[in-house]
Amino acid sequence: MADATVSSAATPPALRLLVLGGTAWLGGEIVSAALARGHEVTCLARGSSGTVPDGARFVASDRGTPSAYDAVLATGQRWDAVVDLSRDASHVREAVAVLEPASASFVFVSSVSVYADTATTGADESAALVDADESDYGGSKVAGERAVVETFGVDRSLVVRAGLIGGPGDHTGRTGWWPLRFAGGAGSSGADPVLVPDVPGLEVQPVDVRDLSAWIVASVERGLSGTYDAVGDRQSLTDHLAAARQITGHTGEVVPVDETWLEAHEVAPWAGPRSLPLWVPVTTHAGFGARAGGAGRAAGLVPRPVHETLRDVLAWELSRPGPVGPHGAGLTPGDERDLIAAARDR
Ligand SMILES: NC(=O)c1ccc[n+]([C@@H]2O[C@H](COP(=O)([O-])OP(=O)(O)OC[C@H]3O[C@@H](n4cnc5c(N)ncnc54)[C@H](OP(=O)(O)O)[C@@H]3O)[C@@H](O)[C@H]2O)c1
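Residues numbered from 1 in each chain as written. Predicted model: local features only at pLDDT ≥ 70, side-chain atom pairs only at ≥ 80, totals over all residues. Heavy atoms only, no water.

So, on to the environment of Leu276. Its location among the elements puts Leu276 in strand 15 (residues 275–277). On a C-alpha basis, the gap between Leu276 and Tyr115 in space is 24 Å, while along the polypeptide they are 161 residues apart. Those residues within four positions of Leu276 in sequence are excluded, and the remaining contacts are Trp178, Leu195, Val196, Pro197, Leu262, Val267, Ala268, Pro269, Trp270 and Leu331. (Helix = DSSP H or I, 4+ residues; strand = E, 2+ residues; numbered from the N terminus. Contact = heavy atoms within 4.5 Å.)

Assigned domains of the protein: these are domain 1 (16–162) and domain 2 (166–206 + 234–290 + 304–344). Placing the centre of domain 1 and that of domain 2 at their C-alpha centroids yields a distance of 31 Å. On the side of domain 2, 14 residues touch domain 1, which itself brings 9 residues to the contact. Roughly 810 Å² is buried in total at the junction of domain 1 and domain 2, and carbon and sulfur atoms are behind 56% of that figure. When residues of domain 1 are sorted by the area they lose upon contact with domain 2, Trp25, Thr118 and Thr121 head the list and together hold 66% of the total. Our count for the contact surface shared by domain 1 and domain 2 stands at 0 salt bridges. Along the contact surface separating domain 1 from domain 2 lie 8 residue pairs in polar contact (both at pLDDT 80 or more). Along the lines of polarity and charge, the residues of the side of domain 1 that touches domain 2 split into 4 nonpolar, 5 polar and no charged. (Domains from an automatic or database assignment. Buried area = accessible area lost by both parts, 1.4 Å probe. Salt bridge = Lys/Arg side-chain N within 4 Å of Asp/Glu carboxyl O. Polar contact = N/O pair within 3.5 Å; in protein donor to acceptor, adjacent residues only side chain to side chain. Nonpolar A, V, L, I, M, F, W, Y, C, P; charged D, E, K, R; others polar.)

Right, let's talk about empty space enclosed by the protein for a bit. The final tally for this structure, using the stated rule, is 2 cavities of 30 Å³ or more. The computed volume of the largest cavity comes to approximately 110 Å³. Forming the walls of the largest cavity are 14 residues, and the residues nearest its centre are Leu164, Gln205, Trp270, Phe288 and Gly289. Volume-wise, the second largest cavity comes out at about 40 Å³. Lining the second largest cavity, in full, are Val112, Tyr115, Asp117, Thr118, Gly287, Phe288 and Arg291. The class makeup of the residues in the lining of the second largest cavity is 3 nonpolar, 2 polar and 2 charged. (1 Å grid on protein atoms, 1.4 Å probe; cavity = no way out; pocket = protein on both sides within 12 Å on 5 of 7 lines; lining within 4 Å. Points joined across faces, edges and corners; volume = space filled by probe spheres on them.)

With their axes 8 Å apart at the nearest point, helix 3 (residues 89–99) and helix 4 (residues 137–152) run at an angle of 10 degrees to one another. One element, helix 3, and the other, helix 4, form an angle in the roughly parallel class. Contact with helix 3, carried on its side by Ala89, Val92, Arg93, Val96, Ala97 and Leu99, involves Ser140, Ala143, Gly144, Ala147, Val148, Thr151 and Phe152 of helix 4 and no other residues of that element. Residue composition of the contact of helix 3 with helix 4, grouped by class: 9 nonpolar, 3 polar and 1 charged. (Axes fitted to C-alpha atoms, helices over the stretch in contact; angles between N-to-C directions. Parallel < 35°, antiparallel > 145°, perpendicular 65-115°, else oblique.)

Before going further, it helps to examine the site of the ligand. The local shell around the ligand holds 28 residues, among which Thr23, Arg46, Ser49, Arg87 and Tyr137 are the closest. One of the backbone N or O atoms of Arg46 is found 2.7 Å from an oxygen atom in the ligand. Here Ser49 contributes a side-chain N or O atom positioned 2.5 Å from an oxygen atom of the ligand. Coverage of the ligand by the protein amounts to 88% of the 910 Å² it exposes when considered alone. Placement of the ligand is best described as lying within the largest pocket. (Near = heavy atom within 4 Å. Areas by Shrake-Rupley, 256 points an atom, 1.4 Å probe, with all protein chains shown as cover. Sits in = over half its atoms within 2 Å of the grid points.)

Following this line, the structure appears as structure tokens:
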């Protein structure tokens, strides 16, 4: 349950943070945000996903091995908070067991995929969870959350259930696809027709990676505990696509197709190849991007306007070396041309 227990401090002293991760996208952003606030950050990871931001100390370790935390424990260091980005509940269990005596608090980055009901809009943190089946992403996050709270206790735990994370660095292409497509950066021009999902009633609420990271760091500074959905502002998918189109100045035709048509033409929802990113079937998933989000707002999470996220993820996409591409998400230009031709023949 959300618990806005906060002890405030205007200018917090530098904190000692241990980030379990920090070599990938969100973890790296959290580390950068913490360093920018003057905190001392150690990152523990294998190093397979990348490097940690300059200024952070890196400890190479595989959390699947028995002595994974020996190097950080050997320092005798006491941490103000451990921040864990794991998707593997067994890693979380081991970390909380060995690090509890060494840390004042534990922050676990979880996901809204923990919720059992994806159809109901406006639900909050009290909604029922999926079973803690660790072979499943959401179930593993449930098991990880439980391990954290059981070991550190509610008052020393912060569970952050992130919604869709977006903005610069979104390697899934979910938030980058639409501005990139309207800008003509995915192998076509900014005046080409664009196939869009026409799904009345479907909402999205991406949270900008920079807002999420800054809020996690601020929450550690303030001693926030409890469980929070970390989501952006709710917006209809239609308005989201209009915002993406507007920031690019796309002048071409927009070709709307409904869900039945998309399914019949084997276009996948959400992400990945031959998909229209961000679209999810509204009858079963209307609530997936339409959570209440009120507890996070009350605890200080301030989402920036969505057009800033779209503008900046587009700039990031266009600045990447090599051919501009949508990370395996969306439609190839050929598939989209064929689908638009089929839509016109309806
Ligand atoms: N993207 C979204 O829209 C979304 C939505 C909701 C929640 N989330 C959550 O947000 C977080 C995203 O984190 P992220 O972007 O930093 O990427 P990630 O790929 O989820 O990060 C995993 C981190 O754990 C480390 N790691 C993985 N296996 C390890 C092992 N055996 N030993 C040691 N370290 C290991 C990785 O580093 P190495 O590979 O270098 O070891 C990496 O730094 C995740 O918790 C995810 O579940 C994401």
